[in-house]
Each structure stands twice: as C-alpha cells, then as structure tokens.
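Analysis of the macromolecular model
Read off the chains here:
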Amino acid sequence: EISQAAMNDGRRSRSAGLLIFDHTGAERGGFTTYDDGGVGIALDAPVGRGEAPLRDRIGLTVDADGSSQVLLTDNQTRGVTRLRANGEGGGGVDLFQWDMDKGILHTRTLTHDGEESSQAPFGQ
C-alpha cells in the first residue's frame, strides 16, 4: 500500500510511504518520507509479539541534516541499542537499560573518544 498520512496525525511531520504486509494481512514494516526532509524504514514483529499497537523492532532513519540512526527495540517497544551518526563525522553506540520501577532510563554511550553513562526520567 502506498499512501500519505493525514495532516496532524501525531508523527514528527506529515509523511508518505509504502507499507509492507505479511501473508495474514498484518503490517510488517514500511518506508516513509517526511515533509521535514527525513526518511525512515521500520520492520515490525509479527502480531502477538509484544505490545499490540507498537510492534516496531528495527528503525532506520536519516534526517534532513544527514544524521542517521539504527534503533533496535524489545517486545515492550523499549529501545535496547542505538547506532547513530551525526552527519559531521561523529556518532556512537547507545545501550539502554530501563528501570521500570523507578521510571529511569540508564544510557551508556560509547564513542571513539570514550564512554559515558547518564540517566533520565521517562513517562512523566
């Protein structure tokens, strides 16, 4: 299916693209272009794996400024690992650990220059 999203559908900007369906008719991924100049490819888990409305497991994006990322998610659609490039020659790998009881996302970032850890609240 090739289509364009409605205005103000909650995405980062209006999008158009191609959806991919499996033999059961369930969406399994897609390719999207955004009005803000970005593009994305998403691959979804099968129906029944993880949270029903959020089945993205691999997301590849390139923004208008040339920055890019590959994000891997788990069956709760929480980011686990992100590989990113900022478009200017820098980038790194982010490893995530979600503390669901405390509402804290712990991030370990690895770059050519070293490693750092941070934490931030989520869900507020």
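Look up: the structure comes first, before these words.
In this report, the structure presented in the accompanying data block is examined. This one's a predicted model, so the numbers in the text were calculated from it and none came from an experiment. (Residues numbered from 1 in each chain as written. Predicted model: local features only at pLDDT ≥ 70, side-chain atom pairs only at ≥ 80, totals over all residues. Heavy atoms only, no water.)

1. Quick look at a nonpolar patch on the surface
A grouping of Leu18, Ile20, Phe31, Ile41, Leu43, Ile58, Leu60 and Leu72 is seen on the molecular surface, where their side chains present a nonpolar patch of about 620 Å² in accessible area. Elements with a minimum of two residues in the nonpolar patch: strand S2 (15–21), strand S4 (39–44) and strand S5 (56–62). (Patch = residues over 30% accessible without salt bridge, like charges linked within 9 Å, V, L, I, M, F, W, Y side chains within 5 Å. Areas by Shrake-Rupley, 256 points an atom, 1.4 Å probe, with all protein chains shown as cover. Salt bridge = Lys/Arg side-chain N within 4 Å of Asp/Glu carboxyl O. Helix = DSSP H or I, 4+ residues; strand = E, 2+ residues; numbered from the N terminus.)

2. Concerning the pattern of salt bridges
Applying the stated criterion across every chain, the model contains five salt bridges. The partner of aspartate 94 in a salt bridge is arginine 84, with the nearest N and O atoms 2.7 Å apart. With aspartate 94 in strand S8 (residues 91–99) and arginine 84 in strand S7 (residues 79–85), the pair connects residues that are ten residues apart, well separated along the chain. The exposure class of arginine 84 is partly exposed, given its relative accessible area of 28%. Here arginine 108 makes a salt bridge to glutamate 115, at a shortest N to O gap of 3.0 Å. Take arginine 108: its relative accessible area is 41%, and that puts it in the partly exposed class. In this structure glutamate 115 comes out as exposed when scored by relative accessible area, which is 51%. Three or more residues joined by partner-sharing salt bridges are found here, namely Arg82, Arg84 and Asp94. (Buried < 20%, exposed > 50% of the residue type's maximum accessible area, 1.4 Å probe, protein only.)

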